[in-house]
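Now for the letters of each chain:
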Amino acid sequence: MIQFNLQGSITAIVTPFKDNGDIDSKSFDRLIEFQIENGTNGIVVCGTTGETPTLTETEDAFMFEYTLKRVAGRVPVIAGSGSNNTDECVKYSKTAEKTGVDAVLVVGPYYNKPTANGMYLHFGTLASSIKCPIILYNVPGRTGSVIPVDVTMRLAREFENVVGIKEASGNINNLATLIQQRPKGFKVYSGDDNLAMMGNLLGGDGCISVASNVFPKDFSRMMAASLSGNVKEATELFFRYRKLMDLLFIESNPIPVKGALAAMGLIGENYRSPMCPMEDDNKKKLLAELRNLNII
């Protein structure tokens with residue numbers, strides 16, 4: 001297996017837009033610096049939180065290159081390059097690989113609902129087509145299908161560039177099973193902010209996070225504490241931010257996290273349809289908790 005040592009707080013960063021819908025590079029610069037200055041260990045660009053379903057292929061390629069340039073080697077950059085079409089997934093991943101990203105994050109094929117063998121063939125074809133490290137992404141609530149644990153383990157054993165998984169099923173047992181059964185060197189990242197601390201205490205490797213967009217310093221501290229076995233500090237931070245982590249999913253991601261970042265003055269509150277601004281009652285709850293935590 002290719003050596004891939006990234007652990008800790010890995011932010012699935014939002015894609016800020018201008019009022020006219022164009023990508024807002026200046027705001028994105030602020031977000032990158034905010035993350036790195038506050039201890040984030042890695043950046044995922046063009047993931048779910050980055051509204052990648054609404055980005056064009058050209059915009060994806062631009063974001064890969066722009067992020068690498070702005071980060072300038074300070075932390076690893078991971079590119080979201082998944083598709084429900086295997087040929088397109090290979091194409092997008094090759095584009096990402098050419099830019100020099102440290103890894104690609106590849107979601108299980110959505111909508112198609114492939115069989116377990118179809119999942120294996122999809123990821124196996126990709127792994128045979130690129131040399132770049134691949135992190136699988138299991139998020140059945142979004143895709144409508146599951147990457148089975150046995151398929152994940154088979155891919156990890158047979159392809160040296162399948163180096164990890166983002167497990168976002170919302171089930172701590174799934175996370176624990178992956179940690180228990182993984183081959184040496186295979187990384188298991190939580191894709192659920194509210195399970196990440198517990199996953200780390202079980203032997204996980206951190207979190208590919210939404211919440212770290214908003215409070216990167218303390219989320220990174222929570223990851224570091226739980227990775228080192230400091231249960232007291234990890235649980236204190238977890239309970240401090242537990243309500244906020246829940247509120248950041250009170251509506252479909254990334255609607256609340258963009259609302260929070262806009263309230264913090266880091267971006268404009270702009271979305272691409274079908275994403276849209278928060279309902280007023282939900283926004284009031286989110287802003288109240290941000291004030292309670294002195295984030296705004």
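Structure first, text after, so check above.
Quantities reported herein were computed from a predicted structural model and do not represent experimental measurements.

1. Notes on empty space enclosed by the protein
Part 1 of the reasoning: All told, the structure shown has one cavity of 30 Å³ or more when counted by the stated rule.
Part 2 of the reasoning: By volume, the largest cavity is sized at about 40 Å³.
Part 3 of the reasoning: Around the largest cavity, the lining residues are Glu57, Asp60, Ala61, Phe64, Tyr92 and Thr95.
Part 4 of the reasoning: Looking at the lining of the largest cavity, the elements with two or more residues in it are helix 2 (57-71) and helix 3 (86-99).
Part 5 of the reasoning: Of the residues forming the lining of the largest cavity, the biggest block, four residues, is contributed by helix 2.

2. Considering the layout of surface pockets
Part 1 of the reasoning: As a volume, the largest pocket reaches approximately 630 Å³.
Part 2 of the reasoning: The wall of the largest pocket is formed by 29 residues, among which Thr48, Thr52, Pro53, Val107 and Tyr110 lie closest to the centre.
Part 3 of the reasoning: Mapped by element, the contributors of at least two residues to the lining of the largest pocket are helix 2, helix 3, strand 4 (103-107) and helix 5 (140-143).
Part 4 of the reasoning: When its residues are assigned to classes, the lining of the largest pocket shows 12 nonpolar, 12 polar and five charged.
Part 5 of the reasoning: The space that makes up the second largest pocket amounts to roughly 320 Å³.
Part 6 of the reasoning: Tallied by class, the residues present in the lining of the second largest pocket amount to six nonpolar, five polar and five charged.

3. Digging into the pairing of strand 8 (residues 206-209)
Part 1 of the reasoning: Of the two faces of strand 8, the one lined by Gly206 and Ile208 and the one lined by Cys207 and Ser209 are each fully buried.
Part 2 of the reasoning: Looking at chain direction, strand 1 (residues 8-12) and strand 8 are connected through four bridges and run parallel. When the sheet's bridge partners are listed, Thr11 is paired in strand 8 with Ser209.

4. Structural notes on the packing of helix 1 (residues 25-37) against helix 2
Part 1 of the reasoning: Where helix 1 contacts helix 2, the two axes come as close as 10 Å, and the packing angle between them is 50°. On the basis of the axis angle, helix 1 is oblique to helix 2. Note on packing geometry: the crossing formed by helix 1 with helix 2 is right-handed. Contacts from Ser25, Phe28, Asp29, Ile32, Glu33 and Ile36 of helix 1 reach helix 2 at Phe62, Met63, Tyr66, Thr67, Arg70 and Val71.
Part 2 of the reasoning: Considering only residue class, the contact of helix 1 with helix 2 consists of seven nonpolar, two polar and three charged.

5. Observations concerning helix 8 (residues 193-201)
Part 1 of the reasoning: Every buried residue of helix 8 is accounted for by Asp193, Leu195, Ala196, Met197, Gly199 and Asn200.
Part 2 of the reasoning: On its buried side, helix 8 packs onto helix 7 (172-181), strand 7 (187-190), strand 8, helix 9 (216-227) and helix 10 (231-247).
Part 3 of the reasoning: Immediately beyond the C-terminal end of helix 8, within one or two residues, lies Gly203, with a positive phi of roughly 115°.

6. What about the pattern of salt bridges?
Part 1 of the reasoning: The final tally for this structure, using the stated rule, is 15 salt bridges.
Part 2 of the reasoning: Between Arg74 and Glu33 there is a salt bridge; the shortest N-O distance is 2.7 Å. Here Arg74, found in the loop between helix 2 and strand 3 (77-80), pairs with Glu33, found in helix 1; they are 41 residues apart in sequence, far enough to count as distant.
Part 3 of the reasoning: Among the ionic pairs, Glu236 bridges to Lys232, the shortest N-O distance being 2.8 Å. Here Lys232 and Glu236 lie together in helix 10, a separation of four residues that amounts to about one turn.
Part 4 of the reasoning: Glu236 sits in the partly exposed class, given a relative accessible area of 42%.
Part 5 of the reasoning: Through salt bridges with shared partners, a single network forms among Asp29, Glu33, Arg70 and Arg74.

7. Describing unusual backbone geometry
Part 1 of the reasoning: Between Asn253 and the following residue, Pro254, the backbone shows a cis peptide bond with an omega angle of 10°.
Part 2 of the reasoning: Turning to its location among the elements, Pro254 is positioned in the loop between helix 10 and helix 11 (255-263).
Part 3 of the reasoning: Across the junction of Ser273 and Pro274, the peptide omega takes the value 15°, indicating a cis bond.
Part 4 of the reasoning: If you trace the backbone, Pro274 turns up in the loop between helix 11 and helix 12 (280-292).
Part 5 of the reasoning: Of note, Cys46 is a non-glycine position whose phi angle comes to about 65°, a positive value.
Part 6 of the reasoning: Looking at where Cys46 falls in the secondary structure, it is placed in the loop between strand 2 (42-45) and helix 2.
Part 7 of the reasoning: One non-glycine residue, Ala72, lies in the positive phi region at around 55°.
Part 8 of the reasoning: Note that Ala72 resides in the loop between helix 2 and strand 3.
Part 9 of the reasoning: By relative accessible area, Ala72 is classed as exposed at 55%.

Reading guide: rules and limits
- Residues numbered from 1 in each chain as written.
- Predicted model: local features only at pLDDT ≥ 70, side-chain atom pairs only at ≥ 80, totals over all residues.
- Heavy atoms only, no water.
- 1 Å grid on protein atoms, 1.4 Å probe; cavity = no way out; pocket = protein on both sides within 12 Å on 5 of 7 lines; lining within 4 Å.
- Points joined across faces, edges and corners; volume = space filled by probe spheres on them.
- Helix = DSSP H or I, 4+ residues; strand = E, 2+ residues; numbered from the N terminus.
- Nonpolar A, V, L, I, M, F, W, Y, C, P; charged D, E, K, R; others polar.
- Buried < 20%, exposed > 50% of the residue type's maximum accessible area, 1.4 Å probe, protein only.
- Pairing = 2+ DSSP bridges.
- Axes fitted to C-alpha atoms, helices over the stretch in contact; angles between N-to-C directions.
- Parallel < 35°, antiparallel > 145°, perpendicular 65-115°, else oblique.
- Left-handed = near helix turned anticlockwise from the far one by under 90°.
- Contact = heavy atoms within 4.5 Å.
- Salt bridge = Lys/Arg side-chain N within 4 Å of Asp/Glu carboxyl O.

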